[in-house]
Amino acid sequence: TDAEARARAIELMGQVGIPSPEKRLNQYPHEFSGGMRQRIIIAIALANNPKLIIADEPTTALDVTIQAQVLDLIRDMKEKMNSSVIMITHDLGVVASLCDRILIMYGGKIVESGSDREIFYDPKHPYTRGLLQCVHNPEKKEKLKPIAGSPPDLLKPPAGCPFVDRCPEAMKVCKLYMPEVTTYSATHQCACWLEEANRRKGENHG
């Protein structure tokens, strides 16, 4: 009924931390801050008690304080509802604070996957390493190293590795064929011809 729907909306708004939800329910979007609007979207996503929440850039254009609040909210809702979360983001700070399994994608392909520790402390793919070099680390007095070049045209994708034209370690084979997947552990994999070559060298020496 209308009364039940209203009560449920007020309940959800309260769960995501919106003050005075009974009054806020009748307000327009432009009367909410950016952080409040993000909370409303999360409330909508939680309305049917989902087992899986897909969050696509949920903290874009938010300041650091509001960003932290939204991430804490997603984390709390995940625990309360026993849900899983797929986080789609370019922000490695968000990834580090929320994710335990990471898939690095480039040009529509998964180029590396692993646990948070494997990706951040033992990255294998040149693109993964490039991403990490673009992140500011206040403990290190090093300049950021942007990745040179531009992303590939996905209407005309390259035959081989999608990162080949921007990769400082690219080889001829990289332009011709998509690399084999090298497995390092039950959770850590990388699709890179350089890693495949290193693996074969190791087998020959062994």
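See the structure shown above.
What counts and how
Residues numbered from 1 in each chain as written. Predicted model: local features only at pLDDT ≥ 70, side-chain atom pairs only at ≥ 80, totals over all residues. Heavy atoms only, no water. 1 Å grid on protein atoms, 1.4 Å probe; cavity = no way out; pocket = protein on both sides within 12 Å on 5 of 7 lines; lining within 4 Å. Points joined across faces, edges and corners; volume = space filled by probe spheres on them. Pairing = 2+ DSSP bridges. Helix = DSSP H or I, 4+ residues; strand = E, 2+ residues; numbered from the N terminus. Axes fitted to C-alpha atoms, helices over the stretch in contact; angles between N-to-C directions. Contact = heavy atoms within 4.5 Å. Buried < 20%, exposed > 50% of the residue type's maximum accessible area, 1.4 Å probe, protein only. Lys, Arg positive; Asp, Glu negative; His and termini not counted. Salt bridge = Lys/Arg side-chain N within 4 Å of Asp/Glu carboxyl O. Polar contact = N/O pair within 3.5 Å; in protein donor to acceptor, adjacent residues only side chain to side chain. Phe/Tyr/Trp six-rings, centres within 6.5 Å; stacked < 30°, edge-to-face > 60°.

**Student:** What is the right way to look at empty space enclosed by the protein in this model?
**Tutor:** A probe as big as a water molecule, rolled over the atoms, marks out the empty space that is left. A full pass over the atoms with the stated rule returns one cavity of 30 Å³ or more. Approximately 80 Å³ is the volume found for the largest cavity. Forming the walls of the largest cavity are 14 residues, and the residues nearest its centre are P126, C161, C167, C174 and C192.

**Student:** When you look at the sheet that holds strand β5 (residues 181-183) in this model, what are you seeing that I'm missing?
**Tutor:** Think of a sheet as strands paired side by side through backbone hydrogen bonds, with each pair either parallel or antiparallel. Read across the open sheet, the four strands follow the order β3-β4-β6-β5; overall the sheet is antiparallel. Strands with a single pairing partner mark the edges of an open sheet, and in this sheet they are β3 (101-106) and β5. The mean angle between the axes of side-by-side strands here comes to 20°, regardless of whether they run parallel or antiparallel. In this structure, strand β4 (residues 109-115) lies alongside strand β6 (residues 189-191), joined through two bridges in antiparallel fashion. Note on β6: the bridge partner recorded for S113 is Q189. Packing against the sheet, helix α7 (residues 126-133) makes contact with β3 and β4, and its axis sits at approximately 105° to β3.

**Student:** I keep staring at the side chain of R39 and nothing clicks. Help me out?
**Tutor:** Mapped onto the elements, R39 comes out in helix α3 (residues 34-46). No salt bridge is formed by the buried R39, whose closest oppositely charged neighbour, D72, lies at an N-O distance of 7.9 Å. A distance of 3.3 Å separates the side chain of R39 from the side chain of Q69, its partner in a polar contact. Those residues within four positions of R39 in sequence are excluded, and the remaining contacts are V16, G17, I18, Q69 and L73.

**Student:** Can you help me understand the packing of aromatic side chains in this one?
**Tutor:** In the structure shown here, the tally under the stated rule is three aromatic pairs. For the pair Y106 and F163, a centre-to-centre distance of 5.1 Å together with 80° between the ring planes defines the contact as edge-to-face. Here Y106, found in strand β3, pairs with F163, found in the loop between α7 and α8 (172-176); they are 57 residues apart in sequence, far enough to count as distant. Assigned by exposure class, Y106 and F163 land together as buried.

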